[in-house]
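If you want the building blocks of each chain, they are given just below.
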Amino acid sequence: MSKILEGVRVLDLGRIISAPYTAMMLADMGAEVIKVERAGVGDDMRTLDEFDFPAVNRNKKSVTIQFRSEEGKALLRGLIEKSDVLLENFRPGTMEKMGFSYEEIQKINPRMIVCSISGFGQTGPYSKRAAFDSIIQAVSGIMSVTGTADSGPCRIGSPLLDHASGLFALSGILLALYDREKTGKGQYIDIGMLDCAVPMLFTHIPHYSALGVIAGPEDTNAPTSVPAQTYKAQDGYIYINGGTPSLFKYIREIIGSEELMQEKYISQEYRKEHHVEVNAIVADWVAQHTVDEVMDLMTAGGVPAGIVSTIDRVLRDPHVLERRDIVDIEVEGRGLVKFGGNPIKMSEHPVEEFRPAHKLGQDNEDIYCGLLGLSKEKLEQLKANKDI
């Protein structure tokens with residue numbers, strides 16, 4: 001079966017998570033992704049945790065280039081001439097210093113789509129600042145509404161904004177490819193992680209704009225919905241949301257509490273005012289059961305609930321496994337290792353192949369001699385001069 005992006009060639013100059021993740025999604029969908037890494041060094045992710053690099057670099061080829069040498073720049077120009085998309089997440093201004101501004105790239109290949117991901121975007125007073133996922137969580141306001149009143153602002157436990165900005169970049173690239181089919185022209189895509197994060201504040205934005213309410217970490221003294229929180233069971237935790245009047249009717253029947261059966265508790269405002277006793281009743285009931293028992297009862301009663309899964313539970317979850325949210329990929333020295341899958345499920349072009357991340361420069365000969373037509377003698381000369 002052909003893959004939906006078959007015939008599209010992508011140059012992945014990305015490093016760490018966001019841009020490599022975008023490129024990996026494109027590779028999953030059939031694009032030929034050539035990861036272009038610094039000669040002798042490679043993506044910084046190669047030197048961090050042993051699973052960092054393979055987690056966002058499957059299904060790609062790897063070539064090396066000395067970006068500062070004239071021979072290296074000539075190789076990059078050759079790759080740009082023969083490719084469709086260039087993806088990078090250097091600090092703004094880096095590509096220009098290398099001699100590869102968008103204007104220069106257009107001269108080489110007018111059909112080239114260039115996507116830049118950076119912490120704060122290519123313009124604005126913060127554009128030159130360095131950033132990581134955690135920094136954007138802080139500046140965007142997301143950290144300020146994560147945690148509890150007791151804990152204060154907390155960082156989300158995974159690099160969610162790196163992945164989110166990568167998916168926004170993916171959307172932009174696919175839109176640009178669609179537009180190119182009509183116009184024949186490439187374009188520039190500017191993805192700022194902060195731009196991706198701020199809209200995720202969702203209703204916190206209009207609540208402040210219209211009502212002057214500044215949101216903070218979860219305030220257990222002023223909940224917006226009752227009962228709706230994490231409760232401790234005999235063998236773990238489960239989150240239950242039975243805060244609407246209709247859901248509360250179900251949850252009180254499941255629990256069988258005579259007190260909650262009183263009509264006054266149907267009022268959402270009354271439950272909010274008396275949230276301590278309502279949550280205490282629910283908590284006492286949950287504490288007498290296992291998480292699976294509570295989950296089964298809530299599901300049967302139509303009440304939204306979710307077990308707070310540890311990683312080991314996620315990896316054996318039957319739904320996660322059936323949906324292929326977890327895939328097995330070969331890692332040298334480790335055999336098959338489980339990684340996150342591809343979230344895009346398409347009927348005509350399913351993602352089915354998950355090849356391991358390539359070693360640094362593994363595809364130099366294939367790309368430089370095959371795609372660019374260099375001789376093997378020239379390749380050896382480039383190696384000797386440390387241009388690749």
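None of these values were measured; they are calculated from a predicted model. Residue numbers restart at each chain and count upward from 1, following the sequence in its written direction. Only residues with pLDDT of 70 or above have their local features reported here, since the model is predicted, and side-chain atom pairs are shown and tallied only from 80 upward, although totals for entire chains, interfaces and linings are computed over all residues. Based on all heavy atoms of the structure, the side-chain values leave hydrogens and waters out of the count.

This paragraph deals with the overall build of the protein chain. Scanning the protein chain from N- to C-terminus turns up 17 helices and 13 strands. For the protein chain, the C-alpha atoms occupy an extent of roughly 85 × 50 × 40 Å along the three principal directions. Accessible area is worked out with a 1.4 Å probe on protein chains only. A residue is then buried under 20% of its type maximum, exposed over 50%, and partly exposed in between. Every one of the 388 residues in the protein chain was classed for burial, and the buried ones make up 44%. Method for areas: the Shrake-Rupley scheme with a 1.4 Å probe, in which residue coverage is limited to the protein chains shown. Accessible surface computed for the protein chain: about 20000 Å², of which carbon and sulfur atoms make up 53%. The secondary structure listing takes helices from DSSP runs of H or I that are at least 4 residues long and strands from runs of E that are at least 2 residues long, numbered from the N terminus.

The axes are straight lines fitted to the C-alpha atoms, using for helices just the contacting stretch, and the angles between their N-to-C directions are given from 0 to 180°. The interhelical angle for the contact between helix 1 (residues 18–28) and helix 7 (residues 160–183), taken along N-to-C directions, is 50°, at an axis separation of 8 Å. Classified by the angle their axes make, helix 1 and helix 7 are oblique. Crossing geometry of helix 1 relative to helix 7 is assigned as right-handed. Facing Ser-18, Tyr-21, Thr-22, Met-25 and Leu-26 of helix 1, the residues of helix 7 in contact are Asp-162, His-163, Ser-165, Gly-166, Leu-167, Ala-169, Leu-170, Ile-173 and Leu-174. Residues were grouped as follows: Ala, Val, Leu, Ile, Met, Phe, Trp, Tyr, Cys and Pro as nonpolar; Asp, Glu, Lys and Arg as charged; and all remaining residues, including Gly, as polar. Here the contact of helix 1 with helix 7 is composed, by residue class, of 8 nonpolar, 5 polar and 1 charged. Here the angle decides the label: under 35 degrees means roughly parallel, over 145 means roughly antiparallel, 65 to 115 means roughly perpendicular, and every other value means oblique. In a left-handed crossing the near helix is turned counterclockwise from the far helix by less than a right angle, and in a right-handed crossing that turn is clockwise. Any two residues having at least one pair of non-hydrogen atoms within 4.5 Å are treated as being in contact.

Should DSSP find at least two bridges between two strands, the strands are taken to pair. Taken in spatial order, the 3 strands make up an open sheet running 9-10-11, and their pairing is antiparallel. Each having just a single partner strand, strand 9 (228–232) and strand 11 (305–307) make up the two edges of the open sheet. This sheet shows a mean twist of 20° between the axes of neighbouring strands, independent of strand direction. With 3 bridges connecting them, strand 10 (residues 237–241) and strand 11 associate as antiparallel partners. Bridge pairing in strand 11 places Ile-240 opposite Ala-305.

Cysteine sulfur atoms that pair up within 2.5 Å are treated as a disulfide. Throughout the structure, instances matching the rule amount to 0 disulfides. Summary of cysteine pairing: Cys-196 is not part of a disulfide, and the nearest cysteine sulfur, belonging to Cys-115, is at 9.5 Å. Look at Cys-196 and you get buried, because its relative accessible area is 9%.

Once that is clear, we can look at the pattern of salt bridges. A carboxyl oxygen of Asp or Glu within 4 Å of a side-chain nitrogen of Lys or Arg is what we treat as a salt bridge. What the rule picks out here adds up to 23 salt bridges. A salt bridge links Arg-38 to Asp-44; its shortest N-O distance comes to 2.8 Å. A residue is classified by how much of its surface remains accessible, and Arg-38, at 37% relative accessible area, is partly exposed. The exposure class assigned to Asp-44 is partly exposed, which follows from its relative accessible area of 28%.

With respect to the element layout, Ile-108 can be found in helix 5 (residues 102–108). Overall, Ile-108 belongs to the partly exposed group, its relative accessible area being 26%. Sequence separation between Ile-108 and Ile-80 is 28 residues, and the spatial gap between their C-alpha atoms is 7.0 Å. When sequence neighbours within four positions are dropped, the list of residues in contact with Ile-108 reads Arg-77, Ile-80, Glu-81 and Phe-100.

Residues Val-226 and Pro-227 are joined by a peptide bond in cis, for which omega reads -5°. Residue placement: Pro-227 occurs in the loop between helix 9 (204–211) and strand 9. Phi at Ile-16 takes a positive value of approximately 60°, unusual for a residue other than glycine. Of note, Ile-16 is situated in the loop between strand 1 (9–12) and helix 1. The phi dihedral of Phe-202 falls on the positive side, at around 55°, and the residue is not glycine.

Before going further, it helps to examine the side chain of Asp-84. Along the chain, the position of Asp-84 falls in the loop between helix 3 (70–81) and strand 4 (85–88). Leave out the neighbours within four places in its chain, and Asp-84 touches Gly-7, Val-8, Arg-9, Arg-111, Met-112, Ile-113 and Arg-180.

When two rings of Phe, Tyr or Trp (its six-membered ring) have centres within 6.5 Å they constitute a pair, described as stacked for plane angles under 30 degrees, edge-to-face for angles over 60, and tilted for the intermediate range. In the structure shown here, the tally under the stated rule is 5 aromatic pairs. Their ring planes at 85° and their centres at 5.3 Å tell us that Tyr-265 and Tyr-270 sit as a pair that is edge-to-face. Assessed through its relative accessible area of 1%, Tyr-265 is described here as buried. For a Lys NZ or an Arg CZ to count as sitting over a ring, it must be within 6 Å of the ring centre and within 35 degrees of the ring normal. For Arg-46, the ring lying beneath its charged end belongs to Phe-53, and the centroid distance is 3.8 Å. Between the NZ or CZ atom of Arg-129 and the centre of the ring of Tyr-126, over which it lies, the distance is 3.8 Å.

Just distances and angles here, no functional claims.
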